[in-house]
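Structural overview
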Amino acid sequence: MSALSGFAAALATGTIEVVDLTAPLSMQTPVIALPEQFAQTARFELEELSRYDDRGPAWYWNNIRTGEHTGTHFDAPNHWVTGRDGEDVASVPARRLIGPAVVLDLSAEAAADPDFLLEVEHVRAWEAEHGPLPEGGWLLYRTGWDARGGSQEEFLNADETGAHTPGISPDCATWLAEEAPVMGVGVETVGTDAGAAHSFDPPFPCHAALMGSGKYGLTQLQNLAQLPPTGVVLVAAPLPIVSGSGSPARVLALVER
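Attention in this report is confined to the structure presented alongside it.

The rules behind these values
- Residues numbered from 1 in each chain as written.
- Predicted model: local features only at pLDDT ≥ 70, side-chain atom pairs only at ≥ 80, totals over all residues.
- Heavy atoms only, no water.
- Helix = DSSP H or I, 4+ residues; strand = E, 2+ residues; numbered from the N terminus.
- Rg over C-alpha atoms; globule rule 2.2 N^0.38 Å.
- Buried < 20%, exposed > 50% of the residue type's maximum accessible area, 1.4 Å probe, protein only.
- Contact = heavy atoms within 4.5 Å.
- Areas by Shrake-Rupley, 256 points an atom, 1.4 Å probe, with all protein chains shown as cover.
- Lys, Arg positive; Asp, Glu negative; His and termini not counted.
- Charge placed at Lys NZ, Arg CZ, Asp CG, Glu CD.
- 1 Å grid on protein atoms, 1.4 Å probe; cavity = no way out; pocket = protein on both sides within 12 Å on 5 of 7 lines; lining within 4 Å.
- Points joined across faces, edges and corners; volume = space filled by probe spheres on them.
- Nonpolar A, V, L, I, M, F, W, Y, C, P; charged D, E, K, R; others polar.
- Axes fitted to C-alpha atoms, helices over the stretch in contact; angles between N-to-C directions.
- Parallel < 35°, antiparallel > 145°, perpendicular 65-115°, else oblique.
- Left-handed = near helix turned anticlockwise from the far one by under 90°.
- Phe/Tyr/Trp six-rings, centres within 6.5 Å; stacked < 30°, edge-to-face > 60°.
- Lys NZ or Arg CZ within 6 Å of the ring centre and 35° of its normal.
- Polar contact = N/O pair within 3.5 Å; in protein donor to acceptor, adjacent residues only side chain to side chain.
- Salt bridge = Lys/Arg side-chain N within 4 Å of Asp/Glu carboxyl O.
- Pairing = 2+ DSSP bridges.
- Disulfide = S-S within 2.5 Å.

**Let's talk about the overall build of the chain**
When its secondary structure is counted, the chain shows 6 helices and 14 strands. Relative to the globule expectation of 18 Å for 257 residues, the C-alpha radius of gyration of the chain, 19 Å, shows essentially globular dimensions. Viewed in the frame of its principal axes, the chain has a C-alpha envelope of about 60 × 60 × 40 Å. Looking at the 257 residues of the chain, the share that counts as buried comes to 46%. For the chain, the share of sequence-separated contacts (at least 6 apart) that also reach a separation of at least 24 residues comes to 71%. Total accessible area on the chain is roughly 12,800 Å²; 55% of this is exposed by carbon and sulfur atoms. Of the charged side chains in the chain, 13 are positive and 34 negative; the average position of the first set lies 7 Å away from that of the second.

What follows is the structure, encoded as structure tokens:
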């Protein structure tokens, strides 16, 4: 049996489980809120064209309107000024949309402190127990934040000082971009950076470091609690938008049970 035939058989029998890491996309999907002086992303909208009626008697379809970075989405290098000369989302090689992934579970720490930051020492401790990060793969950072995905207010968790969501420290962001073997980082929050990252030195370090190094981001993931720490194959499928900085994506995890 060939490798692909064996893979197809394992999918059919459930030996390989497909876990959907994608948040449903609707008008209720939380979106990032920037300060008022900046342009804001659009919420997801459906415009009905016909629904088995005079506008189209046998078919139902819609126009859609959405931001590139709405819902579960893929960040391409050109999303950030540090990667402005890098790949747009349509230029990302298809072979890089499938790769190994590991899950770092810091949900207990994030539950105790919504401003919790992932540090290099957390990654090193995980590696001491589970082995090295995967070459050309993904680091998936579980914080439990997907449980808040039904509410814009709970998801952004903002007060008069700004948003309070977990993220990655500047030192760890630089290390992940420049030294770690992974090609990208996936998170459950609205962006790869912490809610308070505007005040970090440098600001928004995860975006700046990852995009500037030609790496990728995945955001607003769900169901990371269903994944083991290792042994995951990740499929991230953004739309190939020419010159686009990112795209809503269907993100699937393959797990051998």
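**Overview of the layout of surface pockets**
Reported here for the largest pocket is a volume of approximately 880 Å³. Lining the largest pocket are 32 residues, and of these Ile 32, Ala 33, Leu 34, Pro 35 and Phe 204 sit closest to its centre. Elements with a minimum of two residues in the lining of the largest pocket: strand 4 (73–75), helix 4 (152–156) and strand 9 (162–163). Looking at which element gives the most residues to the lining of the largest pocket, the answer is helix 4, with 3 residues. Residue composition of the lining of the largest pocket, grouped by class: 15 nonpolar, 14 polar and 3 charged. What the second largest pocket holds in volume is close to 150 Å³. Every residue lining the second largest pocket is counted, 14 residues in all, and those nearest its centre are Ala 23, Pro 24, Pro 30, Gly 149 and Gln 222.

**Quick notes on the packing of helix 5 (residues 170–178) against helix 6 (residues 205–212)**
Look at helix 5 against helix 6: their axes get within 8 Å of each other, and the N-to-C directions meet at 10°. Classified by the angle between their axes, helix 5 and helix 6 sit roughly parallel to one another. The crossing of helix 5 and helix 6 is right-handed. Contact residues: Pro 170, Ala 173, Thr 174 and Ala 177 in helix 5; Pro 205, Cys 206, Ala 209 and Leu 210 in helix 6. Looking at side-chain class alone, the contact of helix 5 with helix 6 contains 7 nonpolar, 1 polar and no charged residues.

**What to know about the packing of aromatic side chains**
Within the structure shown, the criterion is met by 4 aromatic pairs. Joined through ring pairs, the aromatic side chains of Phe 74, Trp 138 and Tyr 216 make up one cluster. Positioned over the ring face of Tyr 60 is Arg 51, at 4.0 Å from the centre of the ring. Over the ring of Trp 145 we find Arg 148; its NZ or CZ atom is 3.9 Å from the centre of that ring.

**As for the side chain of Asp 75**
Within the secondary structure layout, Asp 75 lies in strand 4. Within polar-contact distance, the side chain of Asp 75 engages the side chain of His 69 at 2.9 Å. A distance of 3.5 Å separates polar atoms of two side chains, one belonging to Asp 75 and the other to His 73.

**Quick word on the pattern of salt bridges**
Where charged atoms of side chains with opposite charge meet at close range, the side chains can pair. For the structure on display, the rule yields 7 salt bridges. Across the salt bridge formed by Glu 45 and Arg 65, the nearest N and O atoms sit 4.0 Å from each other. Highlighted residues: Glu 45 in strand 2 (residues 45–53) and Arg 65 in strand 3 (residues 56–65), separated in sequence by 20 residues. Residue Arg 55 pairs with Asp 53 through a salt bridge whose shortest N-O separation is 2.7 Å.

**Remarks on the pairing of strand 2**
Across 7 bridges, strand 2 lies against strand 3 in antiparallel orientation. Note that in strand 3 the partner of Glu 48 across the bridge is Asn 62. Two successive antiparallel strands, strand 2 and strand 3, enclose a turn made up of 2 residues.

**Describing the state of the cysteines**
Put plainly, a disulfide is one covalent bond tying together the sulfur atoms of two cysteines. Under the defined criterion, the tally for this structure stands at 0 disulfides. Cys 172 carries a free sulfur, and the closest cysteine sulfur to it, the one in Cys 206, is 8.0 Å from it. Classification of Cys 206 as buried rests on a relative accessible area of 1%.

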